[in-house]
Amino acid sequence: MNGQEKRLTFVVTSEIEAQMKDMKREIYFDRTQSDMIRELVAAGIRSYRTKGERGGAERKNA
């Protein structure tokens, strides 16, 4: 970390954990789990912004 990065800790469901394990094995086998998560979060943010705030994924517990 270069001082401008932030360490985050979060809890995932067993379903998401299984999906992440599959993606790590199939797609991100040559990269770290941290790289994979950063890329997936960035892709999710881009997707959300592209769809627009109201047209994006439904928020749970809102």
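In the block above lies the structure referred to throughout.
Residues numbered from 1 in each chain as written. Predicted model: local features only at pLDDT ≥ 70, side-chain atom pairs only at ≥ 80, totals over all residues. Heavy atoms only, no water.

### Some thoughts on the overall build of the chain
Let me state the cut-off plainly: Note on conventions: DSSP H or I runs of at least 4 residues are helices, E runs of at least 2 residues are strands, and numbering of each starts at the N terminus. Remark: exposure states derive from per-residue accessible area (1.4 Å probe, protein chains only) relative to the maximum for the residue type, with buried under 20%, exposed over 50%, and partly exposed in between. Surface accessibility in these figures is a Shrake-Rupley result with a 1.4 Å probe; residues are shielded only by whichever protein chains are displayed.
A count of helical and extended segments in the chain gives two helices and zero strands. Here the chain, with 62 residues, has 8% of them falling under the buried criterion. Carbon and sulfur atoms provide 50% of the accessible area of the chain, an area that totals close to 6,100 Å².

### Observations regarding the pattern of salt bridges
Here is the rule: What counts as a salt bridge is simple: a side-chain nitrogen of Lys or Arg found within 4 Å of a carboxyl oxygen of Asp or Glu.
Inspection of every chain in the model, using the stated rule, returns four salt bridges. Close ionic contact of K21 with E17 constitutes a salt bridge, the shortest N to O distance being 3.8 Å. Of the two residues, K21 and E17 both sit in helix α1 (residues 14-26), four residues apart, roughly one turn of that helix. Residues R38 and D35 are paired through a salt bridge, measuring 2.6 Å at the closest nitrogen-oxygen approach. A residue pair is termed a helical-turn pair when its members lie 3 or 4 positions apart in one helix, as R38 and D35 do in helix α2 (residues 33-51) at three residues.

### Focus on a nonpolar patch on the surface
How we decide: Here a patch means residues that are over 30% exposed by relative accessible area and free of salt bridges, tied together within 9 Å if like-charged and within 5 Å if nonpolar (Val, Leu, Ile, Met, Phe, Trp, Tyr).
Judged by side-chain polarity, L8, F10, V12 and I16 come together as a nonpolar surface patch covering roughly 380 Å² of accessible area. Residue placement: I16 occurs in helix α1.

### A look at the packing of α1 against α2
In plain terms, the rule: Angles here are taken between N-to-C directions and fall from 0 to 180 degrees, while the axes themselves are lines fitted to C-alpha atoms, restricted in helices to the stretch in contact. An angle below 35 degrees is read as roughly parallel, one above 145 as roughly antiparallel, one from 65 to 115 as roughly perpendicular, and any other as oblique. Each helix crossing is assigned a hand: it is left-handed if the near helix lies turned anticlockwise from the far helix by less than a right angle, otherwise right-handed if that turn is clockwise. Any two residues having at least one pair of non-hydrogen atoms within 4.5 Å are treated as being in contact. When residue character is reported, Ala, Val, Leu, Ile, Met, Phe, Trp, Tyr, Cys and Pro are called nonpolar, Asp, Glu, Lys and Arg charged, and the others, Gly included, polar.
Across the interface, α1 lies against α2 with an axial gap of 11 Å and an inter-helix angle of 110°. On the basis of their axis angle, the class for α1 and α2 is roughly perpendicular. Pair α1 / α2 crosses with right-handed handedness. Only Q33, M36, I37 and L40 of α2 make contact with α1, whose side of the interface consists of M20, M23 and K24. Of the residues in the contact of α1 with α2, the class split is five nonpolar, one polar and one charged.

### Quick look at α2
Heads up, the rule is: Here the expected span of a helix is defined as 1.5 Å times the quantity of residues minus one.
Taking 1.5 Å as the rise per residue, α2 with 19 residues should run 27 Å; its terminal C-alpha atoms sit 27 Å apart, in good agreement. Looking one or two places after α2, you find G52, whose phi comes out positive at around 90°.

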